[in-house]
Number of protein chains: 2
Amino acid sequence: MADEPATEILDATYRALCEHGYANLTLQDIAAEADTSTASIHYHYDSKNQLFAVFLDDLYERFTDRVDSPDGDTPREQLDTLLQVLLSTEADPSLRAFRTAMLELKAQAPYDPALQERLTDFDEFLFDQLREILAAGVTAGEFDDHIEPARDAECLTTTITGAHTRHVAINQSSDRLYTTMTRYIERHLLADEQPEVAQ
Amino acid sequence: MADEPATEILDATYRALCEHGYANLTLQDIAAEADTSTASIHYHYDSKNQLFAVFLDDLYERFTDRVDSPDGDTPREQLDTLLQVLLSTEADPSLRAFRTAMLELKAQAPYDPALQERLTDFDEFLFDQLREILAAGVTAGEFDDHIEPARDAECLTTTITGAHTRHVAINQSSDRLYTTMTRYIERHLLADEQPEVAQ
């Protein structure tokens, strides 16, 4: 028994989503994962839609916690940490299941403006993180000053999104992509002369 | 009345998929689009699954026709044509609807090995095209010889995939991305000295 049943229901929603996918997900599935009844879920959440809205808020919090302030003493190290976190395909066996559910949600977005808005929040948070890291690196002289942070952050955001799609659709590992992007950063983003702190 | 009813059913499947999405698509929807009966569809195709397998074969043919041998006198021009074709978000109002249906299929792939195999064919065809163009450009001296065609083609394939996902999920235009990638090619892929034919 969890101390906070409402939170336990959100955790169960995550597990049920990974197991059943979004299209077929029912309150019964979530209740079974939470080892409770649908009546108990209704005590905390008015409807499946309301539960799912709260679930997406919770997911957004977890995502921003994971992506916010990545480890690293310099922008380059922070960028590397972020790419490691986001391009991992191996760490967690349930990762592909989760990304599959997220991809279902993305395909539903054109029919659901509230969902599209939430997904836009995820996308913008990642984009902003990348843009800020690139801008900080340019300011510190670690990244080349030909970089336009917004433009390059959009490109990185798109590539990361594509890696997640390919992980789901064709079970493509991102290991080589991570190596390629690391080399790309070394070759094209780093300034020719590094500030002392970076080395 | 089409001369080839089986082909007309495939065209109707495309339109019905864009209109209804994959999850909710029924033979009735396809029959309505084809202005025919489900009995007539069954005359040509044993089941919805068989129709859909043939439909995906047909879609693969159309995709490879569109992506094969892009216009251009040099590898750089061919790469530019390919990016223009694949990063367009404006040209056809039904494009987002089609990409939405494709994204639904991608999210279904983990549950359907035959579908994942077909999607892998699409991905590999694009990857091979990009790899061949990059390799031809290196051989011709138009692209810088530090390029590793397979590695860079994977990165481009992933970014293009991500652009399609973001077009669906957050209605993101790829216009700026196309400009960014064009600049990237100019700045980082082109050899410092261009062969005469390219200029």
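**What about the overall build of chain A?**
Point 1. Scanning chain A from terminus to terminus reveals nine helices and zero strands.
Point 2. When the helices and strands of chain A are listed from N to C terminus, the series reads α-α-α-α-α-α-α-α-α.
Point 3. A principal-axis box enclosing the C-alpha atoms of chain A has dimensions of 65 × 35 × 30 Å.
Point 4. Counting across all 199 residues of chain A, residues that qualify as buried make up 36%.
Point 5. Here the analysis covers contacts within chain A between residues at least 6 apart in sequence; of these, 61% occur between residues at least 24 apart.

**Observations regarding the confidence of the model for chain A**
Point 1. Averaged over chain A, the pLDDT score is 89; the fraction of residues at 70 or greater is 95%.
Point 2. Both scores are given for the predicted complex: the pTM is 0.91, the ipTM 0.90.

**A few points about the domain arrangement of chain A**
All names here are of chain A.
Point 1. Domain boundaries in chain A define domain 1 (1-50) and domain 2 (68-198).
Point 2. Using C-alpha coordinates to define each centre, domain 1 is positioned 31 Å away from domain 2.
Point 3. With five residues of domain 1 in contact, the opposing surface of domain 2 contributes eight residues.
Point 4. Among the residues making up the side of domain 1 that touches domain 2, the classes are represented as four nonpolar, one polar and no charged.

**Considerations on the environment of Leu87(A)**
Residue and element names in this part refer to chain A.
Point 1. Turning to its location among the elements, Leu87 is positioned in helix α5 (residues 75-87).
Point 2. Considered as a pair, Leu87 and Ala163 are 76 residues apart in the sequence and their alpha carbons are 7.0 Å apart.
Point 3. Discounting chain neighbours no more than four positions away, the residues touching Leu87 are Ile160, Ala163, Ser174, Leu177 and Tyr178.

**Concerning the packing of helix α6 (residues 95-108) of chain A against helix α8 (residues 149-170) of chain A**
All names here are of chain A.
Point 1. α8 packs onto α6 with a crossing angle of 105° between their chain directions and a minimal axis gap of 9 Å. Classed by the angle they form, the pair α6 and α8 counts as roughly perpendicular. On α8, the residues touching Arg96, Arg99, Thr100 and Leu103 of α6 are His164, Thr165, His167 and Val168.
Point 2. Its residues assigned to classes, the contact of α6 with α8 comprises two nonpolar, four polar and two charged.

**Here we look at the relation of the copies chain A and chain B**
Note: a rotation about an axis with an accompanying shift along it relates these two copies of the chain.
Point 1. Take chain A, turn it by 180°, move it 0.0 Å along the axis, and it overlays chain B with an RMSD of 0.0 Å. Expressed as a symmetry operation, the mapping of one chain copy onto the other fits a two-fold axis. Minimal C-alpha distance to the rotation axis in chain A is attained by Gly162(A), lying at 1.7 Å.
Point 2. Interface overlap between copies is the fraction of interface residues in one copy that are interface residues in the other; for chain A against chain B it reaches 100%, indicating a shared surface.

**Digging into helix α4 (residues 48-67) of chain B**
Residues and elements named next belong to chain B.
Point 1. With 20 residues, α4 ought to run about 28 Å at 1.5 Å a step, and its terminal C-alpha atoms sit 28 Å apart, in line with that.
Point 2. Buried within α4 are the following residues: Leu51, Phe52 and Phe55. Viewed end-on, α4 has its buried residues packed into an arc of 90°, placing them on one side of the element. For α4, the exposed residues lying more than 90 degrees away from the buried face are Asn49, Gln50, Asp57 and Glu61.
Point 3. The inward-facing, buried residues of α4 contact α1 (5-20) and α3 (38-44).
Point 4. A positive backbone phi angle near 45° is found at Ser69, which sits one or two residues after α4.

**Regarding the interface of chain A and chain B**
Point 1. Listed per partner, the contact involves 32 residues of chain A and 32 residues of chain B.
Point 2. At the level of elements, α6, α7 (113-139), α8 and α9 (175-189) of chain A are the ones that each hand at least two residues to the side of chain A that touches chain B.
Point 3. Counting residues per element, the side of chain A that touches chain B draws most heavily on α8(A), which supplies 14 residues.
Point 4. Class assignment of the residues belonging to the side of chain A that touches chain B gives a composition of 13 nonpolar, eleven polar and eight charged.

**Describing unusual backbone geometry**
All names here are of chain A.
Point 1. Even without glycine at this site, Ser69 takes up a positive phi of about 45°.
Point 2. Tracing the sequence through the fold places Ser69 in the loop between α4 (48-67) and α5.
Point 3. In this model, Asn171 sits at a positive phi of 55°, which is unusual for a non-glycine residue.
Point 4. The residue Asn171 is located in the loop between α8 and α9 in this model.
Point 5. A residue is classified by how many C-beta atoms lie within 10 Å of it, and Asn171, with 14 of them, is partly exposed.

**Observations concerning the packing of α8(A) against helix α7 (residues 113-140) of chain B**
Point 1. The geometry of α8(A) relative to α7(B) is characterised by a closest axis approach of 9 Å and an angle of 135° between their N-to-C directions. Taken as axis vectors, α8(A) and α7(B) run oblique relative to one another. Between α8(A), through Arg166(A), Ala169(A) and Ile170(A), and α7(B), the contact on the second element is made entirely by Gln116(B), Leu119(B), Thr120(B) and Asp123(B).
Point 2. Split into classes, the residues belonging to the contact of α8(A) with α7(B) amount to three nonpolar, two polar and two charged.

Calculation rules
- Residues numbered from 1 in each chain as written.
- Chains lettered and ligands numbered in written order.
- Predicted model: local features only at pLDDT ≥ 70, side-chain atom pairs only at ≥ 80, totals over all residues.
- Helix = DSSP H or I, 4+ residues; strand = E, 2+ residues; numbered from the N terminus.
- Buried ≥ 20, exposed ≤ 12 C-beta atoms within 10 Å, placed from the backbone.
- Contact = placed C-beta atoms within 7 Å.
- pLDDT = per-residue confidence, 0-100.
- Domains from an automatic or database assignment.
- Nonpolar A, V, L, I, M, F, W, Y, C, P; charged D, E, K, R; others polar.
- Axes fitted to C-alpha atoms, helices over the stretch in contact; angles between N-to-C directions.
- Parallel < 35°, antiparallel > 145°, perpendicular 65-115°, else oblique.
- Least-squares fit on C-alpha atoms with pLDDT ≥ 70 in both.
- Expected span 1.5 Å × (residues − 1).
- Arc of directions from axis to C-beta.

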